[in-house]
Amino acid sequence: MSPYIMLIISFSLLLGTSITLLSNHWLMAWMGLEINTLAVIPMMTYPNNMRNTESAIKYFLMQATASMIIMFAIIYNAWMTNQWTLFQISNEWATMFMTLALAMKLGLAPFHFWVPEVTQGIPLTSGMILLTWQKIAPTSILYQISPSLNMNLLATMAISSTLLGGWGGLNQTHLRKILAYSSIAHMGWMTIIALINPTLTILNLLIYFAATLTMFLSLNMMSITKINALSNLWNKSTPMTIILLITLLSLGGLPPLTGFMPKWLILQELSMHNNITMATLLALSALLSLFFYMRIIYTSALTMFPSTNLSKFQWFYPTTKSTFMIPSLTIISAMLLPLSPLIIVLT
């Protein structure tokens, strides 16, 4: 792709997200979402092949449907309340449609089926943008209007997302699909706490971003897309194997890594508000996600050379891809748990 075209696309992505984050008017927020969607599609279709094009079409149709529902909810709310302020969405039907549309944008169950298919069909770089940057704008709207959303509907979709995200990743062998189901599960954790303590939603989003970016950058550097290919990673790069091990454990939420902090705070907040059943279901769903993380860890870190390894060896080529962000993101993903008392005070 031409550097000038890439610059325009990157600027459009930044512009669309910034418009949604800074807007106080529903039409401006909707416009930012549309710019964001249209800007990422050329990235998804490069290099041009049938799989990338099919994934881009699926993504466009799903996002266009969600945008249409958002516009319907905006117009209906304006018709009933005679105002376009972002924070004011008081009509019951408008609230329900807005909740469904944001669930489609974020990939919450039962609208999660497009996330694994689209992520699987596009390159690692585009998948990284899809599962990280593209979540910012819808999450910001969710954060701002969380008191007005349909609480029962959103809680049901959040619990379903955590369970289906963990269950769907159990039998996957492609790393992009596993990370897509991981995204679905983490979106469930973020939305369930948005009803009680929206600040924890932002905290969970930031830590999820750090861990997911580390995973995608590491896999992209080693050009690995399947679990079987990870069995040779010790022979190629021992530091990358350790980084993947730490990052996956952090995504699973094991102490003393950073990923334990948002899960711990969310379960504590739910328990304090007498939502014991929700907290129990979330904790059990985290075990499902941890299982397929452990499958990746076993293949990459526990099949060490010169132990018996049934996978075919690949010819090693020195990588020319940049790695300057990976160490910093690994530290963020693994070593921020001691900051928990400060975050508890701030929230």
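What you see is a predicted model, and the numbers here were worked out from it, not measured in a lab.

A. Representation of the layout of surface pockets within the structure. Considering only enclosed or pocket space, the largest pocket measures out at about 450 Å³ in volume. Around the largest pocket sit 20 residues that line it, and Met128, Ile129, Leu213, Leu217 and Met325 are the ones nearest its centre. Looking at the lining of the largest pocket, the elements with two or more residues in it are helix H1 (3-22), helix H6 (124-131) and helix H10 (198-222). Top contributing element to the lining of the largest pocket by residue count: H10, with 5 residues. Classifying every residue of the lining of the largest pocket gives 14 nonpolar, 5 polar and 1 charged.

B. Layout of helix H8 (residues 151-168). For H8, spanning 18 residues, the distance from its first C-alpha to its last is 25 Å, which sits close to the expected 26 Å at 1.5 Å a residue. Among all positions of H8, only Leu154, Ala155, Met157, Ala158, Ile159, Ser161, Thr162, Gly165, Gly166 and Gly168 are buried. Buried positions along H8 lie against helix H4 (92-106), helix H7 (136-145), helix H9 (175-194) and helix H14 (276-301).

C. Structural context of empty space enclosed by the protein. The tally for this structure, following the rule as stated, stands at 3 cavities of 30 Å³ or more. Contributions of two or more residues to the lining of the largest cavity are made by helix H2 (26-44), helix H3 (50-81) and H7. With 3 residues, H2 is the largest single contributor of residues to the lining of the largest cavity. Taken together, the residues of the lining of the largest cavity sort by class into 6 nonpolar, 4 polar and 2 charged. Here the second largest cavity is characterised by a volume of approximately 80 Å³. Contributing to the lining of the second largest cavity are Thr162, Ser182, Ala185, His186, Trp189, Leu251, Gly252, Lys263, Ser285, Ala286, Ser289 and Tyr293. Counting residues per element, the ones that place at least two in the lining of the second largest cavity are H9, helix H12 (238-252) and H14.

D. Focus on the UniProt feature "transmembrane region" (unreviewed entry) in the protein chain. The UniProt record annotates "transmembrane region" (unreviewed entry) at residues 5-22, 59-81, 93-115, 151-171, 202-221, 242-261, 281-303 and 324-346. Between the end C-alpha atoms of residues 151-171 there is a gap of 32 Å, over a span that is 86% helix and 0% strand.

E. Main features of a nonpolar patch on the surface. Taken together, the side chains of Met1, Ile5, Met6 and Tyr46 present a nonpolar region at the surface, about 350 Å² in accessible area. Within the element layout of this structure, Tyr46 appears in the loop between H2 and H3. With a relative accessible area of 44%, Tyr46 lands in the partly exposed category.

F. Inspection of the pattern of salt bridges at higher detail. Applying the stated criterion across every chain, the model contains 2 salt bridges. Measuring nitrogen to oxygen at the nearest pair gives 3.2 Å for the salt bridge that ties Lys58 to Glu54. Linking Lys58 with Glu54, this pair stays in helix H3, spanning 4 residues, or about one helical turn. As a salt-bridge pair, Lys177 and Glu117 come within 3.6 Å of each other at their nearest N and O atoms. Here Lys177 is found in helix H9, whereas its partner Glu117 is found in helix H5 (residues 114-121), with 60 residues between them in sequence. Overall, the relative accessible area of 37% leaves Glu117 in the partly exposed class.

What counts and what doesn't
- Residues numbered from 1 in each chain as written.
- Predicted model: local features only at pLDDT ≥ 70, side-chain atom pairs only at ≥ 80, totals over all residues.
- Heavy atoms only, no water.
- 1 Å grid on protein atoms, 1.4 Å probe; cavity = no way out; pocket = protein on both sides within 12 Å on 5 of 7 lines; lining within 4 Å.
- Points joined across faces, edges and corners; volume = space filled by probe spheres on them.
- Helix = DSSP H or I, 4+ residues; strand = E, 2+ residues; numbered from the N terminus.
- Nonpolar A, V, L, I, M, F, W, Y, C, P; charged D, E, K, R; others polar.
- Expected span 1.5 Å × (residues − 1).
- Buried < 20%, exposed > 50% of the residue type's maximum accessible area, 1.4 Å probe, protein only.
- Contact = heavy atoms within 4.5 Å.
- UniProt positions renumbered as here; feature names shortened; annotations may be inferred.
- Patch = residues over 30% accessible without salt bridge, like charges linked within 9 Å, V, L, I, M, F, W, Y side chains within 5 Å.
- Areas by Shrake-Rupley, 256 points an atom, 1.4 Å probe, with all protein chains shown as cover.
- Salt bridge = Lys/Arg side-chain N within 4 Å of Asp/Glu carboxyl O.

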